[in-house]
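# Architecture at a glance
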Amino acid sequence: MTAAALPGFPRPVLRRRELSLLLAVAGTLILGSLSLGLTRTGSLALADPAGLVAYLGALVAVHVALVVAGRRVDEVLVPAVGLLGGIGLLLAERLPQDLVVQQVGSATLGLASLQLIWLVLALVIAAVVAITVRSDRWLRLYKYTWAALGLGLLLLTFVFGGETNGSRLTLDLGPVSGQPSELLKVILVVFFAAYLAENRVLLADARVGVAGRLTLPPAPYLLPAGLMLALALGIVVIQRDLGAALLFYVVFLCLFYLATGSKVDIALGIGLFLVGFMVLALVFPHVRDRVATWLDPWADPLGTGYQTIQALHAFARGGLLGTGLGAGLPMIDGHLPIPAVHTDYPLAALGEELGMAGVLAVLGCYLVVVARGLRVAAATADDVRALLCAGLALVIGVQAAIIAAGNLKLIPLTGITLPFISYGGSSLLVNGLIVGLLLAFSDRGPAPPVEPRRRRLGRDGA
Amino acid sequence: MTPPGTGVGLRGGRGERPLGGRVVRLGLVLALAFGGLMLGAGYWQVLRADDLARDPNDAAVIAAAASAVRGRILDRDGRVLATNRRDAGGELYRVYADASLSAPLGYASRLYGSAGLEAAYASELLGVGGDDPVSRALAKFRPPAQRGDDLRTSLSLTLQRLAVRLLGADRGAVVALDPRTGEVLAMASTPTFDASGIANPATSRPAFAAARDDPGQPLLNRAIQGRYVPGSVFKIVTAIAGLSSGAITAATAFPQQPAAESTGLLVSGFRIRDGHHPFTGSEVLDFPRATEVSCNIWYALAGLRTGGAGMDEAARRLGFGEPIPFDLSTATSQLTNGRGPLPGGFMDDVELASAAFGQGEVLVTPLQMALVAATVANGGEEPRPRLVTAFVSPSGAVRDVPEGMLGRVLSTADAATIAAAMTRAVEGVDGQRFTSGAQVAGVTVAGKTGTAQLGGTGEPHSWFIGFAPAQAPTIALAVIVEQGGRGGERAAPLAGDMLRAYFAAQP
């Protein structure tokens, strides 16, 4: 090996672990595609060879780019995310293509083609961010700017938001439309990482007695926490988006715990949210209806409870091993049993076709992504960086958990996406950005110079 | 900016400790949450998988209904009760042997879904879903079934038709079953509805509208969904409670009873009146005699002696208080409305005394009362009622549905005591005054009539429960004719006709 890299260019670093994991992912996805093709045509053929090749090519390209760039970043994140994205792509190929149709130039693209485009773009973003971002100064120094930007986005959605599935999630600005809450989650993590790191001593140790042994941080420093609570509840009411509210709030509480280590504060925070939510449920009919549908979807099996019930049936039909890709989701009069399966219920579809085994595998993949992110956080000595990494990893993990729990009727259904699997451009691009940031911050710095090979000497040295 | 994480040991405040430990703890919490999600997946995909995937409203079952050939439904002798025909467009639709089967079989319609056995066994009839994970996994490699299983039922088409014909224009229900096995021989509910009409795409809409809008509510299966005041047939439940709790014996007699026949029995300031058996005069009745003449005063006193708790316990053993496990969903029979402060939910002793002879707040389903008769007939052990006895696959493989018992309700000796009293109620000199209609030449019948007073001026419901032959019963039944008058006038003769037809067909 030679250390004589060209001046100004990094020395390539082989990523053997990533490569072998990517090979396993490729094998899995090829098997999945064969299984789907077999169900479709009855003969052994890939379901959509071009799409699969393009996607696997994109994964390999990310790998090669990271190798060439020579950054020593995490080697598990890309394969884990690649597997999730690939499963999402298989699902998109398997569903009716007319679920989403967009005219791009002269071409009419269906669900799978669009999902592939967004996935590849997300991978590009992840790679570019992983390779180019070397410092987090631009994130931490302008935290109030970021916060203002986030609030602005949110207000815009409050005012101009278009309705999707009864929630005001989509922002249409002429040719560009998207779901700002997806970007907002990153901005909030950046702001809170910077804010909490700066104030953690005050929040944790300058406590004010409230009652008995209960102490709280001094009032001025609690303000952001209170704002966060209000923001979360406001999103529930105005945006009708319980999922985003839960996500923001849970991630905030997690970061608060990391910064202060105070379990009491967290318990208090959870309690306040629950109480606030109950009050909202009493006051606002749409919140109440959501809760009622969750508690007993069978009360209105053909109306409000329809999707929930159909999703549970899908899980049940899947059983342990599933029906196989393409063999589930029976069509009734040409319609899918779950209309919003590609955005809100991908886990139910996977539960039917891949069975409980598939659900466990997918959930396990998310745990791997979170674990890698938390590893980066734990290994960082710098508070802002640690909170930032933990927050970004948690955003993915908590979001996956919330929508999975909604699919499984453990909590009311929410309209957020299953990261990397649900259809949705904003979601995929932002999650790509998160992966890119996690990769960039996992950089262990330049490799130590290779020591010249010497003859092994005795213990006491020469 | 100095990294504060390195400032360990300066003051040791929580705000200055490094984050690593907390990150690990947080990761563990999140892992636990994911563990919860996995348990949730296990709940729906393993524990609840079967009942959801077999539900008639399951998308796969509905999808199969459009393509697969529904299995037939057969009676106990192999006669076809339900089969398929093709409409002009070549699509299949259901045809039923006749309208008398509408209550147990229900219907299967493209437009209106399904009901009755057609709904309860939709997945088997359509061949959807295997019975265990292994065969379900193997099923992935086989082409989907073109045809579902046939259902073999315990129904006798002959008895079913007869029951509906005997109920005639009246509203009512008949449940006949084999007390040894719980096999339901007939389950009639009138008025019936035109199930074939609902199933036929050409007549679906008008036929369903007619059934839905009929004031007689034919879509209600009265045999299992109707809840009626039982009147004196409930005295058998009181007898079961009294004897099994030891509160009464066959010899139990109440000295105050003869006088109370004329003056009424004073309970908590309220007079319970009787008076329909003046011929017993000053005779102090024991249990068999009181049952033979259906003495309300004796049973009120027996109920008071047994107490609310004893009555409640026996009723629960019989299946009151929750739906009876059955092929079709049943309404819940009740001893009281549960709102009273006394044991068993009685408001006061007046309600308890009235309940003892089947008034008060007692409400029963005909199936529940048929099971009461069957329990006595079967020596005190209550059979689990069932309609479907086997599934027959298109290849001819037979999968039997195991029979079972609901449990022992009372001892064999106590059951024999009640059976003897019920025999006197039909065959005894005084019993014949009420119940002669239930007699069958050459067969000893045991039974009890009931005349359920509804308040107001309307005719009472006419009830009969019983079994035969009394020595070794092979059939038990419950008959109710809504506003059919006294039990002996309408229900008992109807039961007699059913029993005659049943025994005439026996070899």
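The model shown is predicted, which means the values in this text are computed figures rather than measured ones. (Residues numbered from 1 in each chain as written. Chains lettered and ligands numbered in written order. Predicted model: local features only at pLDDT ≥ 70, side-chain atom pairs only at ≥ 80, totals over all residues.)

### So, the pairing of strand 12 (residues 388-392) of chain B
Residues and elements named next belong to chain B. Note the following rule: Strands are treated as partners if at least two bridges between them are detected by DSSP. Strands are runs of DSSP state E lasting at least two residues, helices are runs of H or I lasting at least four, and both sets are numbered from the N terminus onward.
Sheet topology note: the strand 6 (residues 150-153)/strand 12 ladder contains four bridges and is antiparallel. For Asp150, the partnering residue across the bridge sits in strand 12 and is Val392. Two elements, strand 12 and strand 13 (residues 398-400), share three bridges in a ladder whose sense is antiparallel. Counterpart to Ala390 in the pairing with strand 13 is Asp400. Between strand 12 and strand 13, which pair antiparallel one after the other, the connecting turn spans five residues, and Gly396 there sits at a positive phi close to 100°.

### Considering the sheet that holds strand 13 of chain B
Taken in spatial order, the six strands line up as 3-2-1-6-12-13 (chain B) in an open sheet, and their pairing is mixed. Whereas interior strands pair on both sides, the edge strands pair on one side only; in this sheet they are strand 3 (92-96) and strand 13 of chain B.

### Examining the packing of helix 14 (residues 355-379) of chain A against helix 15 (residues 383-407) of chain A
All names here are of chain A. Test applied: Helix axes are fitted to C-alpha atoms over the stretch in contact, other axes to C-alpha atoms as well, and angles between N-to-C directions run from 0 to 180 degrees. Roughly parallel means an angle under 35 degrees; roughly antiparallel, over 145; roughly perpendicular, 65 to 115; everything else is oblique. Crossing chirality is assigned from the near helix's rotation relative to the far helix, an anticlockwise turn below a right angle marking it left-handed and a clockwise turn marking it right-handed. Throughout, a residue-residue contact means that the two C-beta atoms, derived from backbone geometry, are no farther apart than 7 Å.
Helix 15 packs onto helix 14 with a crossing angle of 165° between their chain directions and a minimal axis gap of 7 Å. As far as their axial angle goes, helix 15 and helix 14 are roughly antiparallel. Pair helix 14 / helix 15 crosses with left-handed handedness. Counted together, Leu363, Tyr366, Val369, Val370, Gly373, Leu374, Val376 and Ala377 of helix 14 and Ala386, Cys389, Ala390, Leu392, Ala393, Leu394, Ile396, Gly397, Ala400 and Ala404 of helix 15 form the full contact between these two elements.

### Some details on the interface of chain A and chain B
To keep things clear, this is the line we draw: When residues are grouped by polarity, Ala, Val, Leu, Ile, Met, Phe, Trp, Tyr, Cys and Pro land in nonpolar, Asp, Glu, Lys and Arg in charged, and all others, Gly among them, in polar.
Contacts between the two partners involve 53 residues from chain A, matched on the other side by 42 residues from chain B. Every element with two or more residues in the side of chain A that touches chain B is listed here: helix 7 (180-205), helix 9 (242-260), helix 12 (306-318), helix 14 and helix 15 of chain A. The greatest single-element share of the side of chain A that touches chain B, amounting to 11 residues, is contributed by helix 14 of chain A. Classifying every residue of the side of chain A that touches chain B by side-chain character gives 36 nonpolar, 12 polar and five charged.

### Comments concerning the confidence of the model for chain A
Regions with low pLDDT carry predicted coordinates that are not meant to be interpreted in detail. Under the convention used in this document: Values of pLDDT, which run from 0 to 100, indicate the predictor's confidence residue by residue.
Across chain A, the average pLDDT comes to 84, with 89% of residues at 70 or higher. The low-confidence segment residues 1-5 of chain A (pLDDT under 50) makes six contacts with residues lying over four places distant or belonging to another chain.

### Examining unusual backbone geometry
Thr190 of chain B connects to Pro191 of chain B through a cis peptide bond whose omega is 0°. Summarising the element assignment, Pro191 of chain B is placed in the loop between strand 8 (184-190) and helix 9 (195-199). Note the cis peptide between Ala468 of chain B and Pro469 of chain B, where omega equals -15°. Here Pro469 of chain B lies in the loop between strand 16 (461-468) and strand 17 (475-481). Its identity is not glycine, yet Phe420 of chain A carries a phi of approximately 70°, on the positive side. If you trace the backbone, Phe420 of chain A turns up in the loop between helix 15 and helix 16 (425-441).

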